Amino acid sequence: MGVRLSIIIVNYNVSDFLAQCLDTVREAIAHIDAEVIVVDNNSTDDSVAMLAERYPWVISMPQDVNAGFSRANNIGIERSSGEYVLLLNPDTLVAGDTLMRCIAYLDRNEKVGALGARMFDARGHFALESRRGLPTPFTSFCKMSGLIKLFPKSRTVGRYYMQYLDERQPHEIEVMSGAFMMVRRRVLDEVGLLDERFFMHCEDIDISYRITLGGWQNHYVPYPLIHYKGESTRKCSFNAVHVFYNAMLMFYNKHFAHQHSILTWLIKLAVLSRAAFDLVERKVWAMLGDWAPKPKVNKKFILTHAQLTERIATGDALEDLMEELRERKEELLVIEDEQPSTV
């Protein structure tokens, strides 16, 4: 007999973030019949040794090669036995009752196949990618053209981030973030696992879409966590830009090329143009070096990642902390030598 919840975490060279993620996960599953599986994508840091030494209750699955985010998640899913499966990034901190509330929500709503949660970024701001609309050619055009910034709460133009929905209420959405996605085992059995052709990026969009095509609903729930958004994947390199935009093109080819041929070709052109622009922009900032603009830091309000983890673990409600920071117009800023990655 399987457990209630299987948590799959894909790790690559972020042992510090993984450790702090697992600290919050341990608190969150204290009263849940759960298993935690960490699939390590051939890290070169101390991740695997750290897991063995500090987290013997975690099922560790080190890989000999980095086969990508989708493949690693599938390896974990195939090893798991939970009624519900949570795909969780290592650069996240989970509030104490978030997982229990998510399970209860799925128990109550039988038509919901999967859900995403209310993510905050490291500054305490609501992360727009917590709930998204399907990036159809038209929706993508509105985002890439900048129309979404002019009409962010329009149900037509602003559908990409669905900002017309109240972030404090549950809603049916179309796309969940791969940083936190809880799915019924039955749904995965029906629609299949992650498409391993997506090495990184767009795999969450693809499976979200396939879930809805299978007759299930995707929901957003206002239960909090912090996601530090893997900034190290945004390096000034052709490969990083290529992987991201190639995944976008792959998604369009898979789902929309036969439906909207002219508009899809325009989107492809826009994607390629944006990729070229991003690559040039990153090269320029890299060449500027010390001349590049630096973010302003108010050191009075800096909390380290470890301090934040401790506050959550000792009972501070994550959602209340985020609200307090926003109301006082102070920033929660996390200082780390290295930003997280998931692949």
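## What about the overall build of the protein?
Consideration 1: Counting its secondary structure elements, the protein contains 12 helices and nine strands.
Consideration 2: Here the protein holds 343 residues, and the buried ones make up 52% of them.
Consideration 3: Across the protein, contacts joining residues at least 24 apart in sequence account for 80% of those joining residues at least 6 apart.
Consideration 4: Surface exposure of the protein reaches about 16300 Å², of which carbon and sulfur atoms provide 54%.

## Describing the packing of aromatic side chains
Consideration 1: Applying the stated criterion across every chain yields a total of four aromatic pairs.
Consideration 2: Here the aromatic rings of Tyr55 and Trp57 are separated by 6.0 Å at their centres, their planes lie at 75°, and the arrangement is edge-to-face.
Consideration 3: Judged by its relative accessible area of 1%, Tyr55 falls in the buried class.
Consideration 4: Classification of Trp57 as partly exposed rests on a relative accessible area of 32%.

## Describing the confidence of the model for the protein
Consideration 1: For the protein, the average pLDDT comes to 81, and 69% of its residues sit at 70 or higher.
Consideration 2: Across residues 231-238, where pLDDT falls below 50, the model places 17 contacts with residues more than four positions away in sequence or in other chains.
Consideration 3: Overall, residues 295-302 carries pLDDT values under 50, and its contacts beyond four positions in sequence, including any with other chains, amount to 10 contacts.

## Points about the environment of Ser6
Consideration 1: Tracing the sequence through the fold places Ser6 in strand S1 (residues 5-11).
Consideration 2: Overall, the relative accessible area of 0% leaves Ser6 in the buried class.
Consideration 3: The sequence separation of Ser6 and Tyr84 amounts to 78 residues, and the corresponding C-alpha distance is 6.3 Å.

## Digging into the packing of helix H1 (residues 15-28) against helix H2 (residues 47-54)
Angle between the axes and distance between the axes are the two parameters that describe a pair of packed helices.
Consideration 1: Relative to each other, H1 and H2 sit at 30°, their axes nearing to 10 Å. Between H1 and H2, the angle is such that the two are roughly parallel. In this structure, H1 meets H2 at a crossing whose hand is right-handed. Each of Ser15, Leu18, Ala19, Leu22, Asp23 and Arg26 in H1 lies in contact with H2, whose residues at this interface are Ser47, Met50, Leu51 and Arg54.

## Looking at the pattern of salt bridges
Consideration 1: The tally for this structure, following the rule as stated, stands at 12 salt bridges.
Consideration 2: Note that Arg4 is salt-bridged to Glu83, the shortest N-O span being 2.7 Å. One end of the pair, Arg4, is in the segment before S1; the other, Glu83, is in the loop between helix H3 (69-79) and strand S4 (84-88), with 79 residues separating them in the sequence.
Consideration 3: Here Glu78 ties to Arg71 by a salt bridge, and the two come within 4.0 Å at their closest N and O atoms.
Consideration 4: Glu78 gets classed as exposed once you look at its relative accessible area, which sits at 53%.
Consideration 5: Look at Arg71 and you get partly exposed, because its relative accessible area is 27%.

## Section: the nonpolar core
Consideration 1: Ile7, Leu99 and Met182 are the most contacted members of the largest nonpolar core, which totals 37 residues.
Consideration 2: In terms of residue count, H1 provides more of this core than any other element does, six residues in total.
Consideration 3: Leave out the neighbours within four places in its chain, and Met182 touches Leu5, Tyr84, Val85, Leu86, Leu99, Cys102, Ile103, Leu106, Gly113, Ala114 and Leu115.
Consideration 4: Judged by nonpolar contacts, the second largest core, of 28 residues, contains Val10, Ile37, Ala72 and Ile173.

## Section: the pairing of strand S9 (residues 217-227)
Consideration 1: In terms of residue burial, S9 counts as a mostly covered element, since 10 of its 11 residues are buried.
Consideration 2: As defined by bridge partners, strand S5 (residues 92-94) adjoins S9 across three bridges and the pair is classed as antiparallel. Residue Val94 lies in a different strand from S9, and its bridge partner there is Leu225.
Consideration 3: Summarising the sheet, strand S6 (residues 112-120) and S9 pair through seven bridges and their orientation is parallel. Considered in S9, the bridge of Met119 is made with Leu225.
Consideration 4: In the sheet, strand S7 (residues 171-173) pairs with S9 via three bridges, with the strands oriented antiparallel. Across the sheet, residue Ile173 finds its bridge partner in S9, namely Asn218.

## Focus: the pairing of strand S3 (residues 59-62)
Consideration 1: Two strands pair when backbone bridges link them, and strand S2 (residues 34-40) and S3 are joined in this way by four bridges, in the parallel orientation. Across the sheet, the residue bridging to Val38 is Ser60, located in S3.
Consideration 2: With H2 bridging S2 and the parallel S3, this β-α-β connection has right-handed handedness.

## Details of H2
Consideration 1: Buried within H2 we find Ser47, Met50 and Leu51. Angularly, the buried residues of H2 cover 100° about the axis, an arc narrow enough to put them on a single face. The outward face of H2, more than 90 degrees from its buried face, is lined by the exposed residues Ala52 and Glu53.
Consideration 2: Tucked inside the fold, the buried residues of H2 contact S1, H1, S2 and S3.

Reading guide: rules and limits
- Residues numbered from 1 in each chain as written.
- Predicted model: local features only at pLDDT ≥ 70, side-chain atom pairs only at ≥ 80, totals over all residues.
- Heavy atoms only, no water.
- Helix = DSSP H or I, 4+ residues; strand = E, 2+ residues; numbered from the N terminus.
- Buried < 20%, exposed > 50% of the residue type's maximum accessible area, 1.4 Å probe, protein only.
- Contact = heavy atoms within 4.5 Å.
- Areas by Shrake-Rupley, 256 points an atom, 1.4 Å probe, with all protein chains shown as cover.
- Phe/Tyr/Trp six-rings, centres within 6.5 Å; stacked < 30°, edge-to-face > 60°.
- pLDDT = per-residue confidence, 0-100.
- Axes fitted to C-alpha atoms, helices over the stretch in contact; angles between N-to-C directions.
- Parallel < 35°, antiparallel > 145°, perpendicular 65-115°, else oblique.
- Left-handed = near helix turned anticlockwise from the far one by under 90°.
- Salt bridge = Lys/Arg side-chain N within 4 Å of Asp/Glu carboxyl O.
- Core = buried A, V, L, I, M, F, W, Y, C linked by side-chain atoms within 4.5 Å.
- Pairing = 2+ DSSP bridges.
- Right-handed = clockwise from strand over helix to strand, strands pointing away.
- Arc of directions from axis to C-beta.

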